[in-house]
Amino acid sequence: MEALLRPRIMLSLTIILIPIFLFISGASSHQIRINNAERRIDLSTHIVKVFLTLKVENTGKTSASEILLAFPPTQVDHLAFLEALAATGKKKKKTYVSLAVKPTQLPDAPNETNYYTIVLANPLNTGETATLEILYILTHSLEPFPVEISQSESQLVYYRDSALILSPYHIKQQTTFIKIPSNKVESFTRVEPTDRSGNELKYGPYEDRPPYSYSPLLVHFENNNPFSVVEELVREVEISHWGNLQITEQYKLAHAGARHKGIFSRVDYQSKPAFSGVSSFKHLLARLPPRVHSVYYRDEIGNISTSHLRADSWKISELEIEPRYPLFGGWRATFVIGYGLPLEDFLFESSDGRRYLNFTFGCPLVETVVDKLTIKVVLPEGSKGPSAVVPFPVEQRLETKYSYLDVVGRTVVVLEKKNVVPVHNIPFQVYYTFKPIFMLAEPLMLASAFFLFFMACVAYLHVDLSIRK
């Protein structure tokens, strides 16, 4: 009898708890009100940057420690970076505190809305206000239209969004500014009040909008900036305790803009650069660390001499490279960049005796999106206990690589991340333990090999192999 009653009791508790959870999540949304929201969308390049300022107030009876951010499903798939800061003070005396942001799922989300939770540094009591500065970056959000253009045509793109900020809270007042790269706008959606001034569109201010308000927005404009996308980048960082750090980067680059149609005329491209191939790109800029040396740039055919290095001992070095041919929409190029760095600038020793590499994550190419980035840190043979510290979520695993004169192989720390943008170019660390005695392994192996070789020569010269007496 007890066994039969237990499932019924659990079912009853489930039926009771689900409405309670829905009521709590709904109540937390009603106790927060956004007094003012200002959104600035930067469409200057193919990487969309959105700056959102929220002035929130707790109008409920209990304190609030979290704020919800809502995103439509079409944007979540292209969300590459999200950061939230709490701002205090005014103008020049403003201070910012970084806040934790984590994805959240709500059971009553309308229209497949996705959520992120911002954890406040201090709970927001009843009647108190707070100012949040939010930055999120979207990739592959500009849609070329027409999808194919000739060499002499400019590139036009669509940007789709909402004139109203999607939010689970009531917004008292909101304004959206959209910055485009030029004054050439084919069309844009009007949601009054709407204003245009030069290369900027203004939507709003809109008053007293209820939660989950949405008004479709479409902007059709000219954007001839290079849509450079690295479909796959493999960066190998090899540590040598003899004083060198060797970097090898393998690129699969593509132009993700409107596809090129028709024939390509090299004469028109070079004689009319202002009108022919304006959306293509024929050179790339890579920012490398200071004191870089032994730089090379090659593809499957061999070395490419059309590169220029501006090295500096104290500032960032710049490498300007040119592929063998200009890249139009839909075209691809594969190449390798390699360079060396002094080990003393990147390898340090921690307080617990472990050594750690401090290197920059991301891609050195300027204004480039990386669909898939793989970083392989090759540790010296004999390294133990490797661990990586990265300031954002990545996939990690260990591999083993065999090189010349290796016996047990070298441990490789592999870090993988998708949808990488320039803001991800921040330092990460790889910790490991290494005994200096292992540095003698390869010299002793070489000495032993030469010694055995000479002993074999001596033995051969002194041994009489003739059959005559």
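Preceding this section is the structure that the text describes.
Attention in this report is confined to the structure presented alongside it. Computed from a predicted model, the values in this text were never measured in an experiment.

### Digging into the environment of Ala163
Part 1: With respect to the helices and strands, Ala163 occurs in the loop between strand S10 (156-162) and strand S11 (170-179).
Part 2: C-alpha of Ala163 to C-alpha of Leu218: the two residues are 55 residues apart in sequence and 9.1 Å apart in space.
Part 3: Ignoring any residue separated from it by four or fewer positions in sequence, one finds Ala163 in contact with Arg39, Gln174, Thr176, Val191, Tyr203, Tyr206, Ser215 and Leu217.

### Quick notes on the sheet that holds strand S15 (residues 216-222)
Part 1: Taken in spatial order, the four strands make up an open sheet running S8-S10-S15-S12, and their pairing is antiparallel. This sheet does not close on itself; its edge strands, each paired only once, are strand S8 (142-144) and strand S12 (185-188). When the angles between neighbouring strand axes are averaged without regard to direction, this sheet yields 20°.
Part 2: Relative to S10, S8 is paired through three bridges, and the arrangement is antiparallel. When the sheet's bridge partners are listed, Glu143 is paired in S10 with Tyr158.

### Notes on a nonpolar patch on the surface
Part 1: Side chains of Leu446, Phe450, Phe453 and Phe454 sit close together on the surface and give an oily, nonpolar patch of about 440 Å² of accessible area.
Part 2: Take Phe454: it is sitting in helix H4 (residues 441-462).
Part 3: Phe454 gets classed as exposed once you look at its relative accessible area, which sits at 52%.

### Points about the pattern of salt bridges
Part 1: Evaluation of the coordinates by the stated rule reveals 21 salt bridges.
Part 2: A salt bridge links Glu222 to Lys184, with the shortest nitrogen-to-oxygen separation between them at 4.0 Å. Taken together, the residues span a long stretch of sequence, with Glu222 in strand S15 and Lys184 in the loop between S11 and S12 at a distance of 38 residues.
Part 3: With a closest N to O distance of 3.1 Å, Arg397 and Glu399 form a salt bridge.
Part 4: Residue classification places Glu399 among the partly exposed residues on the basis of a relative accessible area of 29%.
Part 5: Linked through salt bridges whose partners overlap, the residues forming this network are Glu38, Arg40 and Glu200.

### Considering the environment of His424
Part 1: Within the element layout of this structure, His424 appears in the loop between strand S29 (410-420) and strand S30 (427-433).
Part 2: Residues His424 and Phe392, 32 residues apart in the sequence, show an inter-C-alpha distance of 8.7 Å.
Part 3: Excluding anything up to four places from it in sequence, His424 contacts Ala80, Phe81, Phe361, Gly362, Phe392, Lys417 and Asn419.

### Some points on the sheet that holds strand S22 (residues 317-321)
Part 1: Here three strands make up an open sheet; going across it, the order is S19-S22-S21 and the pairing antiparallel. Of all strands in the sheet, those bounded by a partner on one side alone are strand S19 (284-288) and strand S21 (307-310). The average angle at which neighbouring strand axes cross in this sheet is 15°, direction not considered.
Part 2: Pairing of S21 with S22 involves four bridges; the strand directions are antiparallel. Bridge pairing in S22 links Leu309 to Leu319.

Quick notes on the rules
Residues numbered from 1 in each chain as written. Predicted model: local features only at pLDDT ≥ 70, side-chain atom pairs only at ≥ 80, totals over all residues. Heavy atoms only, no water. Helix = DSSP H or I, 4+ residues; strand = E, 2+ residues; numbered from the N terminus. Contact = heavy atoms within 4.5 Å. Pairing = 2+ DSSP bridges. Axes fitted to C-alpha atoms, helices over the stretch in contact; angles between N-to-C directions. Patch = residues over 30% accessible without salt bridge, like charges linked within 9 Å, V, L, I, M, F, W, Y side chains within 5 Å. Areas by Shrake-Rupley, 256 points an atom, 1.4 Å probe, with all protein chains shown as cover. Salt bridge = Lys/Arg side-chain N within 4 Å of Asp/Glu carboxyl O. Buried < 20%, exposed > 50% of the residue type's maximum accessible area, 1.4 Å probe, protein only.

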